Amino acid sequence: MTIIAPATTQSAKTEPIQQLLETVSLYVHIPFCHTRCHYCDFNTYAGMLPLREPYVRALLSEIGMAGALTKLPGGKPRRSRTIFFGGGTPSLLSVSQVSRILDACYDNFAVDEDAEITLEANPGTLSREQLVGLRAAGVNRLSMGAQSFDAELLKTLGRIHSPKDITQAVRDAQAAGFTSINVDFMFGLPGQTMRHWRETIERALDLHIEHLSLYSLIIEEGTPFYTWTHEGRITPGDEDLCADMYEYADERLHAAGYVNYEISNWSLPGFQSRHNLTYWHNLPYIGMGVGAYSSFGGRRFSNVREPAEYIRMLKAQQWPEVESETVDKAQAMSETAFLALRTAQGLHLPTFEQRFALPFAQFAGDRLHMVEEAGLLERETEWLRLSKRGRLLGNEVFLRLLPD
Ligand code: SF4
């Protein structure tokens, strides 16, 4: 029985689910940013750049510990198919710091020769020389946070780069040999009109990139946007406008050859994010660095959030985990279904049954019939996926489908 990597992924590999469950994807969190964007609630810090080197040293220790924790029963290092540098702004690290982290991953895990190695970058922090260095160090996928091609909107968001920087960074990355590039954009922004959004999508298409992630703005508590929204100083786009923007982008990108393989993600065939598919297929991953989450060995756990405390713990050779929960079988089944239904392919029913020794229909029981009868799900041979209407309702379908 094979599944998981869709036939068109970059690796073009399909592997048995039991084999994939033996692997671990690696996430490395780099929490530094030049300044905080006005909407951001990630675990990131401005004004801490001097901590970069001690933080990298702490990461090297944690990677060693994680390698030991995840070793296979015979003592061999565990196989890893993807490495992802997320943040924060990983492009604030020097090439040699990224190289040392990658070396530690290679020393402690059996990293696939053709592993997908992604680094998130801010277009305002990239130089040509750095991009050439990153490519030579083994990074083979770049993910850039661009958010908009409108200069005024970028200012509103508190981004440090201009529209021109985005184009320049993508051109430089392509010249440096990156053949797999993602760019993130946001919709539903305060003051953003359909005209702004159309222009952003057109300029994004002009970049000839392989992957686009499009997110609607979410106002998170504790951010300047949260305060400004409550004070009436800004008004985010309403639900109808957001739905129109999403639909417009989907149609335009589809016409340009992109496939909407997950709710917020579009790629040219063969360029889906293998790392993110790890999450959507509920496969094991280890997150390293401050605040990083892991899902491994029937547990979900997360690290201490503050860089200084993280560095102190690793100096003392202390495992930086601060929170942990056991994931029981029912929860694992629910989550596997919930995550797979976010993808365009949907849930592969035979794989679900092979993984949990229980057919999905038996697990979901009457709830499945009710949701199917309401026209929110559709079946195609071995696959179960959200119908068009189900996609619009999203979370409500999951709530109706899954046990309490
Ligand atoms: S660059 Fe990214 S991680 Fe850093 S503050 Fe802005 S949105 Fe957050």
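Residues numbered from 1 in each chain as written. Predicted model: local features only at pLDDT ≥ 70, side-chain atom pairs only at ≥ 80, totals over all residues. Heavy atoms only, no water.

1. What about the overall build of the chain?
Scanning the chain for helices and strands turns up 17 helices and 17 strands. Computed over the C-alpha atoms, the radius of gyration of the chain is 21 Å, within 12% of the 22 Å expected from 2.2 N^0.38 for a compact globule of 404 residues. Taken over the C-alpha atoms alone, the chain extends approximately 55 × 55 × 40 Å along its principal axes. Buried positions account for 53% of the 404 residues belonging to the chain. By sequence separation, contacts in the chain at least 24 residues apart represent 70% of the contacts at least 6 residues apart. Within the structure as shown, the chain displays about 17,600 Å² of accessible surface, and the carbon and sulfur contribution to it stands at 52%. (Helix = DSSP H or I, 4+ residues; strand = E, 2+ residues; numbered from the N terminus. Rg over C-alpha atoms; globule rule 2.2 N^0.38 Å. Buried < 20%, exposed > 50% of the residue type's maximum accessible area, 1.4 Å probe, protein only. Contact = heavy atoms within 4.5 Å. Areas by Shrake-Rupley, 256 points an atom, 1.4 Å probe, with all protein chains shown as cover.)

2. So, the packing of helix α7 (residues 194-206) against helix α9 (residues 239-255)
Here α7 crosses α9 at 25°, and the two axes come no closer than 11 Å. What the angle tells us is that α7 and α9 run roughly parallel. Relative to α9, the crossing made by α7 is right-handed. Contacts between α7 and α9 involve M194, W197, R198, I201, E202 and L205 on the former and, on the latter, L241, D244, M245, Y248, A249, R252 and L253. Residue composition of the contact of α7 with α9, by class: nine nonpolar, no polar and four charged. (Axes fitted to C-alpha atoms, helices over the stretch in contact; angles between N-to-C directions. Parallel < 35°, antiparallel > 145°, perpendicular 65-115°, else oblique. Left-handed = near helix turned anticlockwise from the far one by under 90°. Nonpolar A, V, L, I, M, F, W, Y, C, P; charged D, E, K, R; others polar.)

3. Overview of the nonpolar core
F85 and L214 are the most contacted members of the largest nonpolar core, which has 70 residues in total. Not counting residues within four places of it along the chain, the set of residues in contact with L214 comprises F185, F187, W197, I201, A249, L253, S264 and W266. If you look at the next biggest cluster of nonpolar residues, it comprises 23 residues, including M333, F363, L376 and V397. (Core = buried A, V, L, I, M, F, W, Y, C linked by side-chain atoms within 4.5 Å.)

4. Considering the domain arrangement of the chain
Along its sequence, the chain is organised into domain 1 (17-280) and domain 2 (345-401). Taking the mean C-alpha position of each, domain 1 and domain 2 sit 30 Å from one another. Each partner contributes to the roughly 520 Å² buried at the junction of domain 1 and domain 2, and carbon and sulfur atoms together form 54% of this total. Taken together, domain 1 and domain 2 are joined by zero salt bridges. Summed over the shared surface of domain 1 and domain 2, the result is one residue pair in polar contact (both at pLDDT 80 or more). Among the elements that line the side of domain 1 that touches domain 2, the one with the most residues is helix α1 (residues 17-21), at three residues. Considered class by class, the residues forming the side of domain 1 that touches domain 2 number four nonpolar, two polar and no charged. (Domains from an automatic or database assignment. Buried area = accessible area lost by both parts, 1.4 Å probe. Salt bridge = Lys/Arg side-chain N within 4 Å of Asp/Glu carboxyl O. Polar contact = N/O pair within 3.5 Å; in protein donor to acceptor, adjacent residues only side chain to side chain.)

5. Observations regarding the sheet that holds strand β15 (residues 347-348)
Strands sit in the order β15-β17-β16 across an open sheet of three strands; the sheet is antiparallel. Strands at the two margins of the open sheet, each flanked by one partner only, are β15 and β16 (377-380). Here two bridges tie β15 to strand β17 (residues 383-386), and the two strands are oriented antiparallel to one another. Note on β17: the bridge partner recorded for H348 is W383. Most of the contacts of helix α15 (residues 366-373) go to β16, to which it runs at about 100°, and overall it touches β16 and β17. (Pairing = 2+ DSSP bridges.)

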